[in-house]
Amino acid sequence: GGKASTVLELAELCDLQGISKLSETGRSIKGDLPSTLYEMGIYTPGRGRKWTEEVDLLIVILGANDLNHNVPGVEIVGCLRNIRRLYESRGARVVLASIGGAGPGIPTDEYPEFEEQRR
């Protein structure tokens, strides 16, 4: 899986249909995303361009890989909020799912490195 910052970069470059096409191939999102999208023939209107997504609801489940790479929780939340804003600007309703394994109800001694970032 990818980190939230990489998914944000990808979302800024192409629509959900393009992301779906990329995902179906199993191709990595590491490296030069514009080149990867170009090689796959995925249309990229580019950053800053406005378009509408053809979905009613988008459920975003990201963040666990970021925590595994020691990305600070504040940075992850910032990326998730930016992803939400981006897709809302494209007309989609967005639900951000909780980052699994690092929230309330999890014994704090089980994940001390995550718990420390929550403070």
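Report on the accompanying structure. Each chain has its residues counted from 1, following the order in which its sequence is written. For this predicted model, a pLDDT threshold of at least 70 governs which residues receive local features, and a threshold of 80 or more governs which side-chain atom pairs are given and counted, while totals over whole chains, interfaces and linings are taken from all residues. Only hydrogens and water are set aside when side-chain values are computed; all heavy atoms of the structure are taken into account.

**A short note on the overall build of the protein**
Under the DSSP-based scheme used, a helix requires at least four consecutive residues in state H or I and a strand at least two consecutive residues in state E, with every element numbered from the N terminus. Counting its secondary structure elements, the protein contains 6 helices and 2 strands. Listed N to C, the secondary structure of the protein is α-α-α-β-α-α-β-α in terms of helices and strands. Any residue under 20% of the maximum accessible area for its type is buried, any over 50% is exposed, and the rest in between are partly exposed; the area is computed with a 1.4 Å probe on protein chains only. Residue burial in the protein is summarised as follows: out of 119 residues, 35% are buried. By definition in these notes, contact holds between two residues if any of their heavy atoms fall within 4.5 Å. For the protein, long-range pairs separated by at least 24 residues make up 65% of all intrachain contacts whose partners lie at least 6 apart in sequence. Here the open area of atoms and residues is found with the Shrake-Rupley method and a 1.4 Å probe, where only the protein chains shown may cover a residue. With an accessible surface of roughly 7600 Å², the protein has 50% of that area assigned to carbon and sulfur atoms.

**As for helix α5 (residues 73–89)**
The terminal C-alpha atoms of α5, which comprises 17 residues, lie 24 Å apart, in line with the 24 Å expected from a rise of 1.5 Å per residue. Listed as buried for α5 are Ile 76, Cys 79, Leu 80, Ile 83, Leu 86 and Tyr 87. Projected onto a plane normal to the axis of α5, the buried residues spread over an arc of 125° and lie on a single side. In the core, the buried residues of α5 are packed alongside α1 (4–13), α2 (16–25), β1 (57–60), α4 (64–68) and β2 (93–96). At the C-terminal side of α5, Gly 91 shows a positive phi close to 90°. Take the residue count of a helix, subtract one, and multiply by 1.5 Å to get its expected span. Throughout, the arc means that of the directions going from the helix axis to the C-beta atoms.

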